[in-house]
Amino acid sequence: MLASLAMARKGGGEVAAPEQAQRCGMVAIIGRPNVGKSTLLNALVGQKVSITSRKAQTTRHRITGIRTEGSAQFVFVDTPGFQTRHTTRGTAALNRNLNKTVQATLADVDVVLFLVEAGRFGPDDAKVLALCPKDKPVMLVANKLDLVHRREDLFPWLQSMQQHHPFTEFIPLSAQKEADTRRLLDIVRPYLSEQGWWYDADALTDRTDRFLASEIIREKLFRLTGDELPYTSTVVIDAYAEEPPPPNKPKATGLVRIAATIIVEREPHKGMVIGDKGERLKRIGTEARTELERLLGTKVFLEVWVKVRSGWADDDARLRTYGYE
């Protein structure tokens, strides 16, 4: 809906320029696992709203990041990497859930950012590209441009990519460079619908602090265990309570109490997470608490346990209990 064009008289009889119509739209970020989707989302929003790690399939939920700038509100959606490899026995329900999340997101969005590594396009990328809607703008975002030594090599690669899909835009960038992400915002802006904003101007995500706490703990779990810990592990928040600061005291003097459980598939995995004399679990908790205090702007008391729940990743009912949509 077009915003009303207000005209106001300034001193000296000068007429102010018309207000710009508000724009708003949903923009999906899709691609194979580990191509940089969450890193790009965080860069576009300007704050961490989606966790990252080198472990494949770190993102398991639909994460919304919101950037309001000028008259435009960008509602970015980071999706799980479409499952093309993790199809081993015992993870079928989880894999179906993740792929369903990707497909449902694409049905709702206004623009699709198809993320690949600059100069690369493999079978896994092709499987994700096949999901892109034919009736919506799909932009080819070539990430990790800083790793390309010969930029001229991108031209033949780009020509070959146009044969795979009629992309509306080609955007080479490095997600970690602010100038590149700003250029991406400028390119996407005209594709947003002229309509009122969906969120407040200062909103960054539609996810709760409780959800972000579980994600931060899971990120530290993945980063500190690497490939040692199998794919089938998750984090559940058992309790989340906020204690406000004393009267007339700043927010930083308040306290958030969090109790969380790391769920693993087998008993040996529990030992991997706990580590020698509990050192690894302690480090997971310490790093998660430190980051949560920075994000929440208050003190955090965090307790983390580890439990074995065999078969959870292939149990639809248990997936719902653990917060998978």
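Residues numbered from 1 in each chain as written. Predicted model: local features only at pLDDT ≥ 70, side-chain atom pairs only at ≥ 80, totals over all residues. Heavy atoms only, no water.

Colleague: Account for the confidence of the model for the chain, with residues named and values stated.
Modeller: In low-pLDDT regions, the fine details of the predicted coordinates are not to be read closely. In the predicted model, the chain carries a mean pLDDT of 81, and 78% of its residues have values of at least 70. The low-confidence segment residues 1-18, where pLDDT is below 50, has 22 contacts with residues more than four positions distant or belonging to other chains. (pLDDT = per-residue confidence, 0-100. Contact = heavy atoms within 4.5 Å.)

Colleague: I'd like a rundown of the packing of aromatic side chains, residues and numbers included.
Modeller: Taken as a whole and judged by the stated rule, the model has three aromatic pairs. Measuring from ring centre to ring centre gives 5.7 Å for F74 and F76, while their planes differ by 0°; the resulting arrangement is stacked. Assigned by exposure class, F74 and F76 land together as buried. The cationic tip of R257 hangs over the ring face of F301; the distance from NZ or CZ to the ring centre is 5.5 Å. (Phe/Tyr/Trp six-rings, centres within 6.5 Å; stacked < 30°, edge-to-face > 60°. Buried < 20%, exposed > 50% of the residue type's maximum accessible area, 1.4 Å probe, protein only. Lys NZ or Arg CZ within 6 Å of the ring centre and 35° of its normal.)

Colleague: An account of helix α5 (residues 178-188) is needed here, citing residue identities and associated values.
Modeller: For an α-helix, the turn length of 3.6 residues means that residues three or four places apart are oriented alike. Residues of α5 that are buried include every one of D180, T181, L184, L185 and V188, and no others. Take α5 and look down its axis: the buried residues cluster within an arc of 145°, on one side only. Exposed and facing more than 90 degrees away from the buried side of α5 are E178 and A179. (Helix = DSSP H or I, 4+ residues; strand = E, 2+ residues; numbered from the N terminus. Arc of directions from axis to C-beta.)

Colleague: Give me unusual backbone geometry: which residues, what numbers.
Modeller: Phi is positive for K144, which is not a glycine, with a value near 60°. You can see K144 is positioned in the loop between β5 (138-143) and α4 (154-162). Located in the positive-phi region is N248, a residue other than glycine, with phi close to 65°. Within the secondary structure, N248 sits in the loop between β8 (233-243) and β9 (255-264).

Colleague: Outline the side chain of K220, supporting the account with residue identities and numerical values.
Modeller: As for its placement among the helices and strands, K220 is situated in helix α6 (residues 209-225). Since its relative accessible area comes to 6%, K220 is described here as buried. Excluding its chain neighbours within four sequence positions, the residues that come into contact with K220 are K48, I284, E287, A288 and E291.

Colleague: Could you give an account of the sheet that holds β9, with specific residues and numbers?
Modeller: Here three strands make up an open sheet; going across it, the order is β8-β9-β10 and the pairing mixed. Only two strands of the sheet have a single neighbouring strand rather than two, namely β8 and β10 (299-308). Strand-to-strand, the axes of this sheet are offset by a mean angle of 15°, without reference to chain direction. Against the sheet, α6 engages β8, β9 and β10, with an angle of about 135° to β8. Helix α7 (residues 267-274) rests against β9 and β10 of the sheet, and its axis sits at about 155° to β10. (Pairing = 2+ DSSP bridges. Axes fitted to C-alpha atoms, helices over the stretch in contact; angles between N-to-C directions.)

Colleague: Tell me about the pattern of salt bridges, and please be specific about residues and values.
Modeller: Considering all chains together, one arrives at 22 salt bridges under this definition. With its nearest N and O atoms 2.6 Å apart, the salt bridge here joins K220 to E291. Placement of K220 in helix α6 and of E291 in helix α8 (residues 279-296) is noted, with a sequence separation of 71 residues between them. The structure contains a network of salt bridges with shared partners spanning K48, E219, K220, R223, E291 and R294. (Salt bridge = Lys/Arg side-chain N within 4 Å of Asp/Glu carboxyl O.)

Colleague: Describe the packing of helix α1 (residues 37-45) against α5, and please don't skip the residues or the numbers.
Modeller: With their axes 10 Å apart at the nearest point, α1 and α5 run at an angle of 80° to one another. With respect to α5, the axis of α1 lies roughly perpendicular. Contacts between α1 and α5 pair L40, A43 and L44 from the former with T181, L184 and L185 from the latter. A per-class count over the contact of α1 with α5 returns five nonpolar, one polar and no charged. (Parallel < 35°, antiparallel > 145°, perpendicular 65-115°, else oblique. Nonpolar A, V, L, I, M, F, W, Y, C, P; charged D, E, K, R; others polar.)

Colleague: Go over the nonpolar core with me, naming the residues and quoting the values.
Modeller: In terms of nonpolar packing, the biggest core is built from 26 residues, with I29, F76, L113, L184 and V188 touching the most fellow members. Mapped by element, the contributors of at least two residues to this core are β1 (23-30), α1, β3 (72-78), β4 (111-117), β5, α5 and α6. Looking at this core element by element, the count peaks at four residues for α1. With residues up to four places along the chain from it excluded, the contact list for I29 reads K37, L40, L41, L44, F76, V77, D78, T79, L113 and L115. If you look at the next biggest cluster of nonpolar residues, it comprises 25 residues, including F222, L224, V235 and V264. (Core = buried A, V, L, I, M, F, W, Y, C linked by side-chain atoms within 4.5 Å.)

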